[in-house]
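Here is what each chain is made of, one letter per residue.
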Amino acid sequence: MSYNIHEVEKKWQQYWNNYPYGVAKAINTGKKYYCLDMFPYPSGAGLHVGHWRGYVLSDVYARAKVLQGYNVLHPMGWDAFGLPAENAAIKEGMHPRPVTERNIATFKRQLKTIGAIYDWTKELDTTDPKYYKWTQWIFLQMYQRGLAYESMMPINWCPSCLTGLANEEVVDGGCERCGSTVEPKQVRQWVLRITDYAEKLLKGLDKLDWPEKVKLMQTNWIGKSSGLVFTSPVKDLNFNIQTFSAHFEACFSDTFVVIAPDHPLLPKLLEGISNRSEIEAFCKALTTKRLEKNYDDKEVEGIFTGRYIIDPLGNGELPIWVASFALADYGTGIVKCSAHDERDFAFAKKYNLRLKVGIVPQDEQLRKQVEALEVCFTDMENGLVLAPAPFEGKPGKQIRADLVKYMVEHGLAQEKISYRLRDWIFSRQRYWGEPIPLVHCQKCGVVPVPESQLPVTLPDVEKYEPTGTGESPLAAIDSWVNTTCPQCSGPAKRETNTMPQWAGSCWYFLRYPNPNLENEPFSQEDLKYWLPVDLYVGGVEHAILHLLYSRFYVKVLHDAGFLPFDEPFTQLFNQGMVCKLSEKSGAVEKMSKSKGNVVNPDDIVQIYGSDVLRMYMLFMGPPELDCQWQDAGIEGIKRFAHRFIAYMMQPSSLLAAGSVEDTAVTKRVHRLVKDVQERLHEFKPNTAIASFMEWTNDAMKDNMQLSHESAQTVLTLFSIFAPHAASELLEKILGLSLTQCHWPEFDEAMVQSDIANYAIQINGKLRGTLTTTKNVDKETIQVQAQEVVVKWLEQKEIVKIIFVQDRMVNFVVKG
């Protein structure tokens, strides 16, 4: 038999296009499995091999579930609104619509070459009015529940993208999309009260099967802290200010107060101050400086406001300073300071402010240094409190709860929970986005567009470039802006800001089960059967933005009675990035067209075929870790694929009908099933591929002859990695199709005697175990053992490996 990779893959892709395999069946058709990729935004650059890594990974699990008899939903769509698509269209001098449609066609062609079992009847596009009608409907649900509000506020303004950004879209002072340094700017915005859901978002993480690092990132971003709020009158002014402290054990030693340079109370504090203009100029410069990418937040600086508070704890008059480290959006934006915070201490030393010790170490020598203000002591938990009197001499960790009770009962402070999370700036001053379904009426105020009038469609225009004025380009289209008020029928104007890209991607997974519904965004029957998503695959770069926003959407819709669940994704898997040596910089970097290190999958498929690329993407390393593209690596996978196919195709590999398979061959096939099944369960598809390599070596070495049943078992397993080759071999050798195959099971009795259990040690200490087959070569075991204890080997140099066949691997390391 001849085997031409390209002819075979073309044949099966055409066949699956005509007769789709693994598509979703009607609801309640057996047990379900919803397998989802984070859908892409269709850029002009198309897919690179880094994208393949996640798509192939999800396809492996979707295919396995189909073979196991599950009703599988594995859809694909396009996140096509937003800044990336609009900026790309501007560069090409075209309207975003045709550019987006062209890019979608390219992506779809490329995705079909993967051989993934995407159900294209479920395809959706966030720019389709039939879809964004319901994106607008969700916004209205939030507006009607008081979760959306209009505000003129200082925001993060990107001078390149010419739009406001949410806090989450600013990375190291720069725009998350283009990298430009953001600037503060007063702009009218629509904002969502995501802070109302801070506690629910935090507690919900406990029940999710997500990577711990992602849950920790969200926990830190939400940033819950409990503390005390102190209310203090401002000297010579007829109003009070409130200060917040999460570390209040030394509050009786506070000696000065700091306020953020962009705090809304600052103008009121500065009324009547002789050098007000000087202070305001300093604050403006400091606010801008803090947004710079290379800003060093450890360098403290400030200016005296000329005002004092009367401290409620009897510390007298405390000066109020503007300080670089005070944040307007944390706590109350005003903080009382003491000698027990490193930045407070450095600030006081720099500006010669009074300091007072309120908590001391138990070590006598160190205590003398602290009392002399030679060093800053910050160990609030173990330090001994000096005041108030009832707690004198006790460690801070023992008295924290009692101190809160004491302060509240004596009217000295109020207990407060604070969050780092800020409300979500939801509007953009751009064209390419969902119109916000509100109108502004001089008589009625802000009025929501009735559901019967949705969608509010985006007008088709020739000029759509951003204005840079803080207003959307839509504001200049009088024929679209001018409308009638749904409430009084008088003249009104449409809201001209558009929604951010996240608006459509926060709920798309709810629409996939039935994307053609006309009278509702989703059906309750579909939701109860398909949702939540069983496996969600995508990059860790979406840990905050997309995942947090999606969870917020789902919780709001759940509270409103539209969803029977309050978390969207049961299990999350973040694949690592594919990196490559950059021709420009000579360094190993994330793949990027701008860096000149992108590997185009079209080129690789043309040379090696889709199956080889699929297997190489899986074999590159543990899927959760970053890996480096190596041309030599894909050559190795090519050789393996050719050996496997050649072995399966040779007539001597298959027993004649009625012949009895050798027991050793049967056992070896059962061991293969066990290895693949267990390694996939542990999310180690790279080692599952390795198990096929081991089996192929054994099969060729021992001239194994397979029964039809064993051959079907091997090819069924192989199909989840290389579906084209497996389908061809099933058809040519056995006269079968994948639809006639089922996931094989292994017999424990067939594999038990051949099992080896390795103890994996680091410097003699047990750090993990590895179950594999006996007599596997030393090199293979060492590679698999390293993956089991990878976290223990990070930044360590392996100086020696002690190997005992079928029993133990000990890595001797230093560092």
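Going by the structure above, here's the rest.
Everything numeric here is computed off the predicted structure, so don't read it as measured data.

### Overview of the packing of helix H5 (residues 129–144) against helix H17 (residues 545–559)
Logical step 1: Where H5 meets H17, the closest approach of the two axes is 11 Å, and the angle between their N-to-C directions is 65°. Relative to H17, the element H5 lies roughly perpendicular. For the pair H5 and H17, the crossing hand works out as left-handed. For the pair formed by H5 and H17, the contact residues are Trp137, Ile138 and Met142 on the first element and Phe552, Tyr553, Val556 and Leu557 on the second.
Logical step 2: Split into classes, the residues belonging to the contact of H5 with H17 amount to seven nonpolar, no polar and no charged.

### Some details on the packing of aromatic side chains
Logical step 1: In this structure the tally under the stated criterion is 52 aromatic pairs.
Logical step 2: Relative to Tyr15, the ring of Trp12 lies with its centre 5.4 Å away and its plane at 75°, an arrangement referred to as edge-to-face. Of this pair, Trp12 and Tyr15 both sit in helix H1 (residues 5–18), three residues apart, roughly one helical turn.
Logical step 3: The class for Trp12 is buried, based on a relative accessible area of 6%.
Logical step 4: Ring geometry for Tyr143 versus Trp190: centroids 6.0 Å apart, planes at 70°, classification edge-to-face. Placement of the pair is Tyr143 in helix H5 and Trp190 in strand S9 (residues 183–192), with a sequence separation of 47 residues. Considered together, Tyr143 and Trp190 belong to a single accessibility category, that of buried residues.

### A word on the state of the cysteines
Logical step 1: For the structure shown, the criterion picks out zero disulfides.
Logical step 2: Its sulfur unpaired, Cys283 is 15 Å from the next cysteine sulfur, which belongs to Cys337.
Logical step 3: Given a relative accessible area of 4%, Cys283 falls into the buried group.
Logical step 4: Here Cys579 is not cross-linked by a disulfide; its sulfur's nearest cysteine counterpart is in Cys627, at 7.0 Å.
Logical step 5: A relative accessible area of 10% means that Cys579 is categorised as buried.

### Notes on helix H11 (residues 364–371)
Logical step 1: The N-cap residue of H11 is Asp363: its side-chain oxygen and the backbone nitrogen of Gln365 are 3.3 Å apart.
Logical step 2: Of the residues one or two after H11, Leu373 is the one with positive phi, at around 60°.

### Points about the pairing of strand S29 (residues 755–762)
Logical step 1: Of all eight residues in S29, six are buried; the element is thus mostly enclosed.
Logical step 2: With eight bridges joining them, S29 and strand S30 (residues 765–773) adopt antiparallel strand pairing. Paired with Ala759 across the two strands is Thr769, which belongs to S30.
Logical step 3: Here four bridges tie S29 to strand S32 (residues 808–814), and the two strands are oriented parallel to one another.

### A few points about unusual backbone geometry
Logical step 1: Looking along the chain, the bond that leaves Leu454 and enters Pro455 is cis, with omega of 5°.
Logical step 2: Within the element layout of this structure, Pro455 appears in the loop between strand S21 (445–448) and helix H13 (478–481).
Logical step 3: The step from Leu531 to Pro532 runs through a cis peptide bond, and the omega angle for that step is 0°.
Logical step 4: Tracing the backbone shows Pro532 in the loop between helix H16 (524–530) and strand S24 (535–539).

### A word on the side chain of Lys133
Logical step 1: By the element assignment, Lys133 lies in helix H5.
Logical step 2: Buried charge without a partner: Lys133 forms no salt bridge, and the closest opposite charge is Glu451, 6.4 Å away.
Logical step 3: A polar atom in the side chain of Lys133 sits 3.4 Å from the backbone oxygen of Glu518.
Logical step 4: Excluding its chain neighbours within four sequence positions, the residues that come into contact with Lys133 are Leu454, Pro455 and Glu518.

### With respect to the nonpolar core
Logical step 1: Judged by nonpolar contacts, the single largest core of 181 residues is most densely connected at Phe139, Trp424, Trp629, Phe644, Trp695 and Phe721.
Logical step 2: Leave out the neighbours within four places in its chain, and Trp695 touches Phe644, Tyr647, Met648, Arg668, Val669, Leu672, Met704, Leu706 and Val714.

### So, the sheet that holds strand S13 (residues 302–310)
Logical step 1: Within the open sheet, the four strands sit side by side as S13-S14-S12-S15. Their pairing is mixed. Of all the strands in the sheet, the pair left with one neighbour each is S13 and strand S15 (334–337). The mean angle between the axes of side-by-side strands here comes to 30°, regardless of whether they run parallel or antiparallel.
Logical step 2: As defined by bridge partners, S13 adjoins strand S14 (residues 317–323) across seven bridges and the pair is classed as antiparallel.

### Observations concerning empty space enclosed by the protein
Logical step 1: One pass over the full model with this rule turns up four cavities of 30 Å³ or more.
Logical step 2: As a volume, the largest cavity reaches approximately 100 Å³.
Logical step 3: Lining the largest cavity are 14 residues, and of these Gly82, Leu83, Arg428, Pro500 and Gln501 lie nearest its centre.
Logical step 4: Counting residues per element, the lining of the largest cavity draws most heavily on helix H3 (residues 83–92), which supplies three residues.
Logical step 5: Of the residues in the lining of the largest cavity, the class split is six nonpolar, three polar and five charged.
Logical step 6: The calculated volume of the second largest cavity comes to roughly 60 Å³.

Conventions used here
Residues numbered from 1 in each chain as written. Predicted model: local features only at pLDDT ≥ 70, side-chain atom pairs only at ≥ 80, totals over all residues. Heavy atoms only, no water. Axes fitted to C-alpha atoms, helices over the stretch in contact; angles between N-to-C directions. Helix = DSSP H or I, 4+ residues; strand = E, 2+ residues; numbered from the N terminus. Parallel < 35°, antiparallel > 145°, perpendicular 65-115°, else oblique. Left-handed = near helix turned anticlockwise from the far one by under 90°. Contact = heavy atoms within 4.5 Å. Nonpolar A, V, L, I, M, F, W, Y, C, P; charged D, E, K, R; others polar. Phe/Tyr/Trp six-rings, centres within 6.5 Å; stacked < 30°, edge-to-face > 60°. Buried < 20%, exposed > 50% of the residue type's maximum accessible area, 1.4 Å probe, protein only. Disulfide = S-S within 2.5 Å. Polar contact = N/O pair within 3.5 Å; in protein donor to acceptor, adjacent residues only side chain to side chain. Pairing = 2+ DSSP bridges. Lys, Arg positive; Asp, Glu negative; His and termini not counted. Salt bridge = Lys/Arg side-chain N within 4 Å of Asp/Glu carboxyl O. Core = buried A, V, L, I, M, F, W, Y, C linked by side-chain atoms within 4.5 Å. 1 Å grid on protein atoms, 1.4 Å probe; cavity = no way out; pocket = protein on both sides within 12 Å on 5 of 7 lines; lining within 4 Å. Points joined across faces, edges and corners; volume = space filled by probe spheres on them.

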